[in-house]
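Each chain, letter by letter, is given below.
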Amino acid sequence: MEILSYDPARFADIPDYPFEESWLEIELGDGRKGRMHYVDEGAKDAPVVLLFHGEPSWSFLYRKMIPVLVDAGFRCLAPDLIGFGKSDKPSDQSFYTYARHVDWLQQWRNAVCPQDAALFCQDWGGLLGLRMVGLEPDRFACVVASNTFLPTGGTPSPAFLAWREFAKSSPEFQIGELLQRATATERSDAEVAAYDAPFPDEPSKAGARAFPQLVPVEDGMAGIEENKAAWEGLAAFSKPFLTLFGEDDPVTGGLAQPLIDRIAGANDQPHGMLSVCGHFCQEDRPQELAQAVIDTAKRAGFLT
């Protein structure tokens, strides 16, 4: 197995992404190390909001939200998960596990943001972020979740099974085109190319192909017991917890209600469904999502 590093030349013409690079060395496991890239924008002493992306995107997904959040007084920290974006990419699909992804992100959070933080999470950003909230609820001031969930087995939907099989075996696994199809608004050619940039060849796509296989949506899968334990802390999380999902997301569009019903802090929050909004809601409705983070943090007393 190789640990692949990104090619800066492929990122030379990324649109609307003027952010400086920040890096942290991560213990990957089996004696291996890798570098995790992240965006760090805003005053260093400002309240922090963590922006966690999912599959198969990277911190580019937050380029439209970050300026709004910084202008409101936040420090924005947006990591590229290992295997995605500018971060290093193990080339073996079997090296990626749910537990390792949690550990890698926890290493990053402990080193870069030991203080309390607000959280915005979507897709796998929620499978990781909500697990972290459940494990350490005192470290989070508030949460806004979109198009995500924290699964504990059950019966997967036909749509998810089809996506899982496609990601695993399809020879036509073009990341930028996947993002195009999963948004309700049109991406430009340059934006599609930006989502393709981290993945120049098949070995670099190992993490992206592996992620759907790791979602614990069937009984007996790895991660179920850990998520059940995390749900105890997540359900008791009493600080503001807002859901804002996309109406046009066929996979996760109906998964907001279980979060609303089970999490204490979701009570009496202004939950909503966004029209003209697909799975990658940060592309379709960035202004509304950023404002929701701002408003939720103010209700929490975390942002003045």
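The rules behind these values
Within every chain, residues take consecutive numbers counted from 1 along the sequence as written. Predicted model: local features are reported for residues with pLDDT of at least 70 only, side-chain atom pairs are reported and counted for 80 or more only, and whole-chain, interface and lining totals are derived from all residues. Hydrogens are left out, water is left out, and the side-chain values use all remaining heavy atoms of the structure. By definition, any uninterrupted DSSP run of H or I lasting at least four residues is a helix, any uninterrupted run of E lasting at least two residues is a strand, and each is numbered from the N terminus. In this treatment the radius of gyration is a C-alpha quantity, and the globule benchmark scales as 2.2 Å times the residue count to the 0.38 power. The classification of residues rests on relative accessible area computed with a 1.4 Å probe and restricted to protein chains. Under 20% of the type maximum is buried, over 50% is exposed, and intermediate values are partly exposed. Note on definitions: a residue-residue contact is assigned when non-hydrogen atoms from the two residues lie within 4.5 Å. Per-residue and other accessible areas were derived by the Shrake-Rupley procedure at a 1.4 Å probe size, with only the shown protein chains allowed to occlude residues. Asp and Glu count as negative and Lys and Arg as positive, but His and the ends of the chain are not part of the count. One atom stands in for each charge, and that atom is NZ of Lys, CZ of Arg, CG of Asp or CD of Glu. Where helices are involved, their axes are fitted lines through C-alpha atoms of the stretch in contact, as for all axes, and angles between N-to-C directions lie from 0 to 180°. When describing relative orientation, an angle under 35 degrees is termed roughly parallel and one over 145 degrees roughly antiparallel, while 65 to 115 degrees is termed roughly perpendicular and anything else oblique. For any helix crossing, the convention is left-handed if the near helix is rotated counterclockwise from the far helix by under a right angle, and right-handed if that rotation is clockwise. Gly falls in the polar group here, along with every residue not listed as nonpolar (Ala, Val, Leu, Ile, Met, Phe, Trp, Tyr, Cys, Pro) or charged (Asp, Glu, Lys, Arg). Two strands are said to pair when DSSP picks up at least two bridges between them. Lining residues are defined by having an atom within 4 Å of a point belonging to a cavity or pocket. Those points lie on a 1 Å grid over the protein atoms alone, cavities being sets where a 1.4 Å probe fits but cannot get out and pockets being open sets with protein on both sides within 12 Å along at least five of seven lines. Grid points are joined across faces, edges and corners, and a volume is the space filled by probe spheres set on the points. UniProt positions are given in the numbering used here, feature names are shortened, and annotations may be inferred rather than shown by experiment. Buried Ala, Val, Leu, Ile, Met, Phe, Trp, Tyr and Cys residues that are joined via side-chain atoms within 4.5 Å together make up what is termed a nonpolar core. Whether a crossover is right-handed comes down to one check: with the strands pointing away from the viewer, does the path from the first strand over the helix to the second run clockwise; if it does, it is right-handed.

In the nomenclature of an unreviewed UniProt entry, the protein chain is known as Haloalkane dehalogenase of Altererythrobacter lutimaris.

> Please provide a residue-by-residue account of the overall build of the protein chain, values included.
Along the protein chain, the regular secondary structure elements total eleven helices and ten strands. Relative to its length of 304 residues, the protein chain is compact, with a C-alpha radius of gyration of 18 Å against a globular reference of 19 Å. The C-alpha extent of the protein chain, read off along each of the three principal axes, is 45 × 45 × 40 Å. Counting the 304 residues in the protein chain, one finds 57% classified as buried. Of the contacts made within the protein chain by residues no fewer than 6 positions apart, 77% connect residues no fewer than 24 positions apart. Summing over all exposed atoms, the protein chain offers an accessible surface of approximately 11,700 Å²; the carbon and sulfur share of this is 49%. Distance between charge centres in the protein chain, computed from 26 positive and 45 negative side chains, equals 2 Å.

> For the environment of Glu27, give the residues involved together with the corresponding values.
When you line up the elements, Glu27 lands in strand β2 (residues 22-29). A relative accessible area of 41% means that Glu27 is categorised as partly exposed. Separated by 169 residues in the primary sequence, Glu27 and Asp196 place their C-alpha atoms 26 Å from one another. Residues contacting Glu27, with those up to four places away along its chain left out, are Arg32, Lys33, Asp103, Trp104 and Gln107.

> So what's going on with the packing of helix α3 (residues 124-135) against helix α8 (residues 224-235)? Residues and values would help.
Direction vectors running N to C along α3 and α8 enclose 60 degrees, while the axes themselves pass 6 Å from each other. The orientation of α3 with respect to α8, classified from their angle, is oblique. In this structure, α3 meets α8 at a crossing whose hand is left-handed. Residues Leu130, Arg131, Val133 and Gly134 of α3 touch α8, and the partners they reach there are Glu226, Asn227, Ala230, Gly233 and Leu234. When grouped by side-chain class, the residues that make up the contact of α3 with α8 number four nonpolar, three polar and two charged.

> Can you lay out the sheet that holds β2 for me, pointing to particular residues and giving the numbers?
The strand order across the open sheet built from eight strands is β2-β3-β5-β4-β7-β8-β9-β10, with neighbouring strands paired in mixed fashion. Lying at the two open borders of the sheet, with one neighbouring strand each, are β2 and β10 (272-274). Strand-to-strand twist across the sheet, computed as the mean angle between neighbouring axes with direction ignored, equals 25 degrees. Sheet topology places β2 next to strand β3 (residues 32-41); seven bridges connect them, and they run antiparallel.

> Describe in detail the layout of surface pockets, supporting the description with residues and values.
Of the volumes computed, that of the largest pocket is approximately 500 Å³. Looking at the largest pocket, it is lined by 25 residues, and the ones nearest its centre are Trp163, Ala182, Val251, His279 and Phe280. For the lining of the largest pocket, the secondary structure elements donating two or more residues are α3, α4 (158-169), α5 (175-181) and α7 (206-214). Broken down by element, the lining of the largest pocket gets its largest block of residues, three residues, from α4.

> An account of the pairing of β3 is requested, with residue identities and associated values reported.
Hairpin connection, β2 to β3: the antiparallel pair is bridged by two residues, and Asp30 has positive phi, about 55 degrees. Relative to strand β5 (residues 75-79), β3 is paired through four bridges, and the arrangement is antiparallel. Among the inter-strand pairings, Asp40 is bridged to a residue of β5, identified as Leu77.

> Give me α7: which residues, what numbers.
Burial of α7 is extensive: eight of the nine residues sit out of reach of the surface. Looking at α7, one finds that the buried residues are Ala206, Gly207, Ala208, Arg209, Ala210, Phe211, Pro212 and Leu214.

> Account for the UniProt feature "domain: AB hydrolase-1" (unreviewed entry) in the protein chain, naming residues and giving values.
With numbering aligned to this structure, UniProt lists the feature "domain: AB hydrolase-1" (unreviewed entry) at residues 47-263. Helix makes up 41% of residues 47-263 and strand makes up 14%, while its end C-alpha atoms are separated by 23 Å.

> Give me the nonpolar core: which residues, what numbers.
The biggest cluster of nonpolar side chains holds 99 residues, and the ones touching the most others in it are Leu50, Leu51, Leu69, Phe74, Trp108, Phe120 and Phe241. The residues touching Phe241, leaving out its near neighbours within four places in the chain, are Leu130, Val143, Ala145, Leu234, Leu259, Ile263, Gly265, Ala266, Gln269 and His271.

> Which residues make up the pairing of strand β4 (residues 48-52), and what values do they have?
For β4, the tally of buried residues reaches five of five residues, placing the bulk of the element in the interior. The side-chain alternation of β4 yields two buried faces, one formed by Val48, Leu50 and Phe52 and the other by Val49 and Leu51. Sheet analysis places β4 next to β5, joined by three bridges and oriented parallel. In the strand pairing of β5, Val49 is matched with Cys76. In this region the chain leaves β4, passes through helix α1 (residues 66-71) and returns to the parallel neighbour β5; the handedness of that crossover is right-handed. Inspection of the sheet shows β4 paired to strand β7 (residues 117-122) by five bridges, in the parallel sense. By the bridge assignment, Leu51 is partnered in β7 with Phe120.

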